[in-house]
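Here is what each chain is made of, one letter per residue.
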Amino acid sequence: MARPTDMFVWPARLLHWLMAAMILAMLFIGVGMVASVSERHDWLVRVHKPLGIAILLLAVLRLAVRLRHPPPPLPADLPLLQRWAAFASHWLLYALMLALPLVGWAMLSAGGYPVMLSHSLRLPAILPANGVAFAVLRHLHAWLAVLLFVTFLAHLGAALYHGLVRRDGVLGSMVGWRPRR
Ligand code: HEM
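Residues numbered from 1 in each chain as written. Predicted model: local features only at pLDDT ≥ 70, side-chain atom pairs only at ≥ 80, totals over all residues.

(A) Expanded view of the overall build of the chain. Across its full length, the chain holds 5 helices and 2 strands. Its helices and strands in sequence order give the chain the pattern α-α-α-β-β-α-α, from N to C terminus. Projected onto its principal axes, the C-alpha positions of the chain cover 55 × 30 × 30 Å. Burial analysis of the chain (181 residues in total) assigns 17% to the buried set. For the chain, contacts bridging at least 24 residues in sequence account for 64% of all contacts bridging at least 6. (Helix = DSSP H or I, 4+ residues; strand = E, 2+ residues; numbered from the N terminus. Buried ≥ 20, exposed ≤ 12 C-beta atoms within 10 Å, placed from the backbone. Contact = placed C-beta atoms within 7 Å.)

(B) Region of the structure containing the UniProt feature "domain: Cytochrome b561 bacterial/Ni-hydrogenase" (unreviewed entry) in the chain. Mapped onto the present numbering, the UniProt feature "domain: Cytochrome b561 bacterial/Ni-hydrogenase" (unreviewed entry) falls at residues 10–176. The distance separating the terminal C-alpha atoms of residues 10–176 is 8 Å; by composition the span is 77% helix and 2% strand. (UniProt positions renumbered as here; feature names shortened; annotations may be inferred.)

(C) Structural detail: helix α4 (residues 131–166). Between its first and last C-alpha atoms α4 spans 51 Å; for 36 residues at 1.5 Å apiece the expected length is 52 Å, and the two agree. Inspection of α4 places L137, H141, L148 and H162 among the buried residues, and these make up the whole buried set. Summarising the contacts, the buried residues of α4 are in contact with α1 (10–35), α3 (80–110) and α5 (170–175). Once α4 ends, the next one or two residues include R167, with phi positive near 45 degrees. (Expected span 1.5 Å × (residues − 1).)

(D) Seen up close, the environment of S89. Tracing the backbone through its elements, the reader meets S89 in helix α3. Residues S89 and L171, 82 residues apart in the sequence, show an inter-C-alpha distance of 16 Å. For S89, the residues in contact, after removing those within four places along its chain, are T151, A154 and H155.

(E) Local environment of unusual backbone geometry. Despite not being glycine, R167 has its phi angle at roughly 45 degrees, a positive value. Mapping R167 onto the fold places it in the loop between α4 and α5. Overall, the presence of 14 C-beta atoms within 10 Å leaves R167 in the partly exposed class.

(F) Fine view of the site of the ligand. Lining the immediate environment of the ligand, one finds 22 residues, of which G30, G52, G104, A142 and A145 sit closest. Those elements that place two or more of their residues in the shell around the ligand are α1, α2 (40–68), α3 and α4. Element by element, the count of residues in the shell around the ligand is highest for α1, at 7 residues. Grouping the constituent residues of the shell around the ligand by class yields 16 nonpolar, 5 polar and 1 charged. (Near = placed C-beta within 6 Å. Nonpolar A, V, L, I, M, F, W, Y, C, P; charged D, E, K, R; others polar.)

(G) How the structure looks around the UniProt feature "transmembrane region" (unreviewed entry) in the chain. The UniProt feature table records "transmembrane region" (unreviewed entry) at residues 14–35, 47–65, 85–108, 120–137 and 143–164. A distance of 32 Å separates the end C-alpha atoms of residues 14–35, which is 100% helix and 0% strand. Counted over residues 47–65, helix gives 100% and strand 0%. Its end C-alpha atoms are 27 Å apart.

(H) The arrangement of the environment of F149 in detail. Mapped onto the fold, F149 is located in helix α4. When the C-alpha positions of F149 and I23 are compared, they lie 9.2 Å apart, and in sequence the two are 126 residues distant.

(I) A look at the packing of α3 against α4. Look at α3 against α4: their axes get within 9 Å of each other, and the N-to-C directions meet at 155 degrees. Judged on the interaxial angle alone, α4 and α3 are roughly antiparallel. Once α3 is placed against α4, the crossing between them reads as left-handed. Grouping the amino acids of the contact of α3 with α4 by side-chain chemistry returns 20 nonpolar, 5 polar and 1 charged. (Axes fitted to C-alpha atoms, helices over the stretch in contact; angles between N-to-C directions. Parallel < 35°, antiparallel > 145°, perpendicular 65-115°, else oblique. Left-handed = near helix turned anticlockwise from the far one by under 90°.)

(J) Layout of α3. With 31 residues, α3 extends 43 Å between its outermost C-alpha atoms, agreeing within 8% with the 45 Å of an ideal straight helix rising 1.5 Å per residue. For α3, the complete set of buried residues consists of L96, M97, L100, P101, V103, G104, W105, A106, M107, L108, S109 and A110. Buried residues along α3 sit against α2, β1 (115–116), β2 (122–123) and α4. Positive backbone phi, approximately 80 degrees, marks G112, located one or two places after α3.

In structure tokens:
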């Protein structure tokens, strides 16, 4: 068995894989939504909003878990530039997981649209109605989604590099495997 410090704690691992699937689904739902003009558009919007708010709540929980349980240390021989890239990209991912749903919520509020999570559950507006703010936030939401997708791809590349090239146990610490060394 790996020592406890070799791995992320199980709530961090569970939240990581659950949120990875949710966020990836959201990126595709978002793009599908703006690209479709059929009745599928309404269905996708109905899924997009509650799933986005669920991501926001889970991101807050995940941040609390992260602050309470620091991650296992990176391998001692990892070059400084890669350490810095890991640090910066991880905090950028946290920032985007919080910012993107909040901007989506604020955008609908500024547009004067109700933010319905179900037929009867309506979230309060977090901004007063304002056409200019709506237009700015609509663009911001799309650009933050692009940034999230690019950061996700870089993160995936780094994970595969650790798992297949360096084989240093970093990928295993999130999957739950026993580290190689
Ligand atoms: C992690 C969470 C989220 C992700 C990854 C995400 C992703 C996206 C993406 C990729 C688009 C398409 C952007 C474009 O190409 O123009 C989009 C559009 C949109 N999102 Fe989100 N979103 C998230 C959260 C939210 C939330 C919480 C809300 C509202 C409560 C929301 C409301 C919308 C709306 C209204 C649109 C435009 C729909 C349309 O014009 O047909 N999003 N989102």
